[in-house]
Amino acid sequence: MDNSSVNDNTIKRTSFLEVLVRPLSRLPFKVLYVISDIVYVILYYLVGYRKKIVRKNLSTSFPEKSEAELREIERKFYRWLCDYFVETLKLLTITPEEMKRHLEFRGLDMVKAQKKEGQGVAAFLGHYCNWEWLSAIGIYWPWPGDEMGLIYHPLRNDTIDDLMLKMRSSLGGVCVKKKHILRELVALRRRKQNYLMGYIFDQSPKWENIHLWLDFLNHNTPVFTGAERIARKMNDFVVFVSMERPERGRYIATFHLLSSEPSNVPEYELTRKGFALLEESVRRQPEFYLWTHNRWKRTYEEYLIKKGEKCV
């Protein structure tokens, strides 16, 4: 990147944590999954990591399921969560050739056929399956030279943040701080460089950033709309990226067209469509969603009170 870029997240220093983690990352998947199985027993049965939040989220999202069904989903979720940890560590040393044996992309032909020349791509995705692996999109992308970016919020711990940046950029991805995204996109446009930017859009917004509530997994849910606003402003080609995990160690990521001309789409329509597709994935295989996140800590009743309105 030239000096017009605002992206300054290239991490060159090596921390003690990375020195410890890198040899672990070099282990074959079979060994990493054995480690994952051991961690699962500790995390689920001994520590009970965020189990109260997980049970609350599952029971309120699937009131139609029996206690036995919910416990089965819960156990599968914790098994997958431990796999997610070791799979993400693997990003530090995995080669493009090895990644292609574990991750498949579908729908890229659709993007190639319909995207206009010079048009950027905005990819909406959720905390489902191993979203970190989507940072490898550059090795599959049909336009060499495009910037493959992921918008992120820096972690409080600098050492862990540096390590995560290295893992996310190991296969050519560029991490862009959330507060810098618009300036980064403008800089790319000025240089006439195309891009794909990934937006994880299912986090819990702060009270002052709530502009839309959606029915999502049996909850009235406040959702981020910033990704849509940016995509509309830049008139990007907008897709939702769904994921599935047909077997351990293998993921399939599929591009779904939301709009090729977002500036002509009604407000919030892209966000609504994206969340509908995300819910389809979660209901199909609920164990691969991030249930440890306290996603519904803000209620619509509290929102109305803060706005000074009466609850109806």
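Because the structure is predicted, anything quoted here is derived from the model rather than measured. (Residues numbered from 1 in each chain as written. Predicted model: local features only at pLDDT ≥ 70, side-chain atom pairs only at ≥ 80, totals over all residues. Heavy atoms only, no water.)

### Concerning helix H7 (residues 158–168)
- For H7, the buried fraction is high: eight of the eleven residues fall into the buried class.
- Three or more residues of H7 are buried, namely Asp-161, Asp-162, Leu-163, Met-164, Leu-165, Lys-166, Met-167 and Arg-168.
- Lining the buried residues of H7 we find helix H1 (16–25), helix H4 (67–90), strand S3 (147–152) and strand S4 (174–177).
- At the N-terminal end of H7, a side-chain oxygen is found 3.0 Å from the backbone nitrogen of Thr-159, two or three residues along, and the residue is Asn-157. (Buried < 20%, exposed > 50% of the residue type's maximum accessible area, 1.4 Å probe, protein only. Helix = DSSP H or I, 4+ residues; strand = E, 2+ residues; numbered from the N terminus. Contact = heavy atoms within 4.5 Å. Polar contact = N/O pair within 3.5 Å; in protein donor to acceptor, adjacent residues only side chain to side chain.)

### Comments concerning the environment of Thr-159
- With respect to the secondary-structure elements, Thr-159 resides in helix H7.
- Residues Thr-159 and Pro-28, 131 residues apart in the sequence, show an inter-C-alpha distance of 25 Å.
- Those residues in contact with Thr-159, other than ones at most four positions away along the chain, are Ser-15 and Leu-17.

### Notes on the packing of aromatic side chains
- Scanning all chains against the criterion turns up 31 aromatic pairs.
- Summarising the aromatic geometry, the rings of Phe-77 and Trp-80 are spaced 6.0 Å apart at their centres and angled 40° between planes, so their arrangement reads as tilted. Placement of the pair is Phe-77 and Trp-80 together in helix H4, with a separation of three residues, close to one helical turn.
- Between the aromatic rings of Phe-216 and Phe-275, the centroid separation amounts to 5.2 Å while the plane-to-plane angle is 85°, which identifies the pairing as edge-to-face. Residue Phe-216 is found in strand S6 (residues 213–216), and its partner Phe-275 is found in helix H10 (residues 269–284); the two are separated by 59 residues along the sequence. Both residues of the pair, Phe-216 and Phe-275, count as buried.
- Among the aromatic residues, ring-to-ring pairing joins Tyr-40, Tyr-44, Tyr-45, Phe-77, Tyr-78, Trp-80, Tyr-84, Phe-85, Tyr-128, Trp-131 and Phe-288 into one connected group.
- Sitting above the plane of the Phe-29 ring, Lys-90 keeps its charged end 5.5 Å from the centroid.
- The positively charged end of Lys-115 is found above the aromatic ring belonging to Trp-143, 4.5 Å away from the centroid. (Phe/Tyr/Trp six-rings, centres within 6.5 Å; stacked < 30°, edge-to-face > 60°. Lys NZ or Arg CZ within 6 Å of the ring centre and 35° of its normal.)

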